[in-house]
Structures are given as C-alpha cells and as structure tokens.
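One-letter residues, chain by chain:
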Amino acid sequence: MPLTLALDDVIPLTFSEYDAAADWAEREHDNLLQAVRMAADAGHDGLAWQLSTVLWNAQFPSASGTSWPAVGRIGLEAAERLGERAAQGALHTYLGMAYTRINRQTESLESHENALTIRRDLGDRLGEARSLNLIGLNHLRARRLDPAARHFEQAISAFQEQDTAHWAATAMSNLATTHYRAGRLPEAATVIDQALAAHRTLSDQRGEGNILRVLSDVQRERGEVEASLASAQAALDIALSLRNLRLEGFWLLTFGDAQQAKDQYAEALTSYQRSATLHRRLADRSREALAWQGVGEVYRRLGRHAEAADFHRQAASAHRDLGDEWHQALALDGLASAVLGESPEEARRHWTQALRLLAAFDDPRAVAVRDTIESGLTETS
C-alpha cells in the first residue's frame, strides 16, 4: 500500500512530563524506523528526510547506537535527491554523532566535515559553530588534543557571537575536558567554573552533569576525594533522573574512579560492572573497555593480580581493535603492573609496547605516563 501521509496531516503530540515523552519515544521507536523506510520506498523523499531528522531528535534516551545510522543514510540520500542543502547539513551532523556512539570515528569526522562545508556555503554561522564543536569532540575522542582545543575555542567564539548561551556553555565543557585530559588542571579548573555557572544559570541538567563529571576528575587528582565523590554522585543522580543509560554508563566511570580514590573498592567494582553492561547494550566498545580497565585497577589494588591481568588484557585488546593507541597503552601499563610479581619479563614486554604506542603523544599527561613506565622498566632491568 503506498504511503500517502503528509506532514500537514500530523497532529503534534504534547506531553505532561518528561517521563511521558520518554515512554512514548521508547514505545514508538521501531515504528518510526519503519516509517522512514516506507517513505523512501514510496518515493516520498521529503517525508523520508524529515522523518529521519525527527527520529534522531525523538530517540528515547537509551536507544542503542546501532539503530539510527541506516535510516539516517536513507534520509540523507533523499535530501540529496531533492537538493535540500540545509537538510543534508543536518543529516551529516546527526550521522557524525551516531557514528561516534558506535566508535566509527573516521566516518564520524567525514560526516562532520561535510556538514561544516555545507553550513559555510549556506552562510549558516550557528550551524558552522555546531560543526566546529563536534569536530572538536571527534579530535578529543581520538586524543588529538591541540586540534580539539582549537576547534572548541573557535566554536565558543562563534556561539557567543550568535548569543547562544547553551551551546557556548557546552563547548566550554568540552574545552575543560580537553585541558583535563592533557593534564592541564589549572586551565581545566578555570573553564569548569565558567561552564558550571553557565549550565546552572540555564537550568541545563545534562550540561551540569557533564561538567560535574569533569570537576570530579580534577578534584580527585588534586586529592580532594570527598569533593570528587560528591561531584560524581551529583552527576550520576542527574543521569538517573533523565533516564539516560548512555549518560549513566559514562558517568559511572568517573563515579568508580572517585570510589577507588576513597578506597571503596566493592562499590567501585559495582559501578564499573554496571558501566560495562550498559555500554555493551549501547554498542560502545570503547567505553565498555574503559570499564574493564577500571575493574582491573580495583583487582590490582586488592592484590587479585590474575583477575586484574585478565581485565587489562580485555581492555587492551578492545582498544587495539578500535585503533585507540592511548587507551591501549594505559591498559598495557596496568597489565604490566598486574603480572610484574609473577613475570618481570612479561611486564617489561608490555611496558615496552606501551612506550611505543605513547610516542605520538606529547601533552603533559602523556609525558608523566611515559616517565612512570620508564621508571618501571628501569627498576625491573
């Protein structure tokens, strides 16, 4: 039966509360996926691309990352057939975000760069700023920290020019994360204060939770363990209130780190194991491996070295498969420490491989990690 529904025939739904909207999005998700395919098959290209963009924005908070890219490509092809450049820019953006969720970083970057080109051609300054921010996130996830920082700074400036406080605060949070991951804690703390104040002024719970996660990391490294635990708990409470398993899984990693620092090892194991389970469900192998790494660290602290080694091996293998040399090196460092007592020779092999992987990184944190590994090698030679 041909599809004859037009958008003018649709009566918008309204919801009394967030939970009601989330329930509807979860219940109708599969139907919306099928509607995009039916529209394209029936030759309704306008409806196909419009429905695919609606579906991206109407996904329930914990939808698997694997479900949307196929219909996103259907929508993009429909927009291309119609010459709808603005729609193409939006769909490239959504595809870039979707690919990031399932660790297809090369395709993610290509999609965001395509969106940036289109938005510049159209003179869409706000869209350009969003693309700059998303390209920065791609560089951040790949630990290309200097390009990430440059893109975030350009995005912040453009968002401020457009008087879009929400997006400016979001890019500030991303810049704070970049400084933290580089080991530049004073710079991170300065931007965190600005971003946290902005998110709270805007009543942006998701943004507040995200920057609380970064704040917790900085506090932990400064030795402010109680404050770190409180910040991580506050972030996690926000994720739970939003019923967002993606945020819960990610922020549980920080919560587990804070619990470790507090010597709450049983609690940290629970946090990491829950995070691993959620990320497996969401098809995010990278963050699932980060959770395994956390489990390995806890077992190592408990003196359960064989179990620690197993989890570090799993993490190293996953990061190797994903081409993530930074996290592979960290997992190998943990593995070396776990096997050191039983086999110093094996530990040296893992540390030597980790040093090769770290050679491409020159930020302060990378330098500190290399120094620690080199000290370990010296002590075992």
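The structure we're discussing is the one just above.
Focus: the environment of Pro-69
Then, number 1: Relative to the assigned elements, Pro-69 resides in helix H3 (residues 69-82).
Then, number 2: On the accessibility criterion, Pro-69 (4% relative accessible area) is buried.
Then, number 3: Look past the residues within four positions of Pro-69 in its chain and what remains in contact with it is Leu-95, Ala-98, Tyr-99 and Ile-102.

Let's talk about the nonpolar core
Then, number 1: Ile-192, Ile-211, Trp-251, Leu-358 and Ile-373 are the most contacted members of the largest nonpolar core, which has 75 residues in total.
Then, number 2: Residues contacting Ile-192, with those up to four places away along its chain left out, are Ala-176, Ile-211, Val-214, Leu-215 and Val-218.
Then, number 3: Residues Val-36, Ala-39, Leu-55 and Ala-87 belong to the second largest nonpolar core, which totals 22 residues.

Things to note about the packing of helix H8 (residues 165-182) against helix H10 (residues 205-221)
Then, number 1: Contact geometry of H8 with H10 gives a least axis separation of 10 Å together with a crossing angle of 25 degrees. Viewed along their axes, H8 and H10 adopt a mutual orientation that is roughly parallel. As for how H8 packs across H10, the hand of that crossing is left-handed. Where H8 abuts H10, its residues Ser-173, Asn-174, Ala-176, Thr-177, Tyr-180 and Arg-181 lie against Asn-210, Ile-211, Arg-213, Val-214, Asp-217, Val-218, Arg-220 and Glu-221.
Then, number 2: Split into classes, the residues belonging to the contact of H8 with H10 amount to five nonpolar, four polar and five charged.

Thresholds applied
- Residues numbered from 1 in each chain as written.
- Predicted model: local features only at pLDDT ≥ 70, side-chain atom pairs only at ≥ 80, totals over all residues.
- Heavy atoms only, no water.
- Helix = DSSP H or I, 4+ residues; strand = E, 2+ residues; numbered from the N terminus.
- Buried < 20%, exposed > 50% of the residue type's maximum accessible area, 1.4 Å probe, protein only.
- Contact = heavy atoms within 4.5 Å.
- Core = buried A, V, L, I, M, F, W, Y, C linked by side-chain atoms within 4.5 Å.
- Axes fitted to C-alpha atoms, helices over the stretch in contact; angles between N-to-C directions.
- Parallel < 35°, antiparallel > 145°, perpendicular 65-115°, else oblique.
- Left-handed = near helix turned anticlockwise from the far one by under 90°.
- Nonpolar A, V, L, I, M, F, W, Y, C, P; charged D, E, K, R; others polar.

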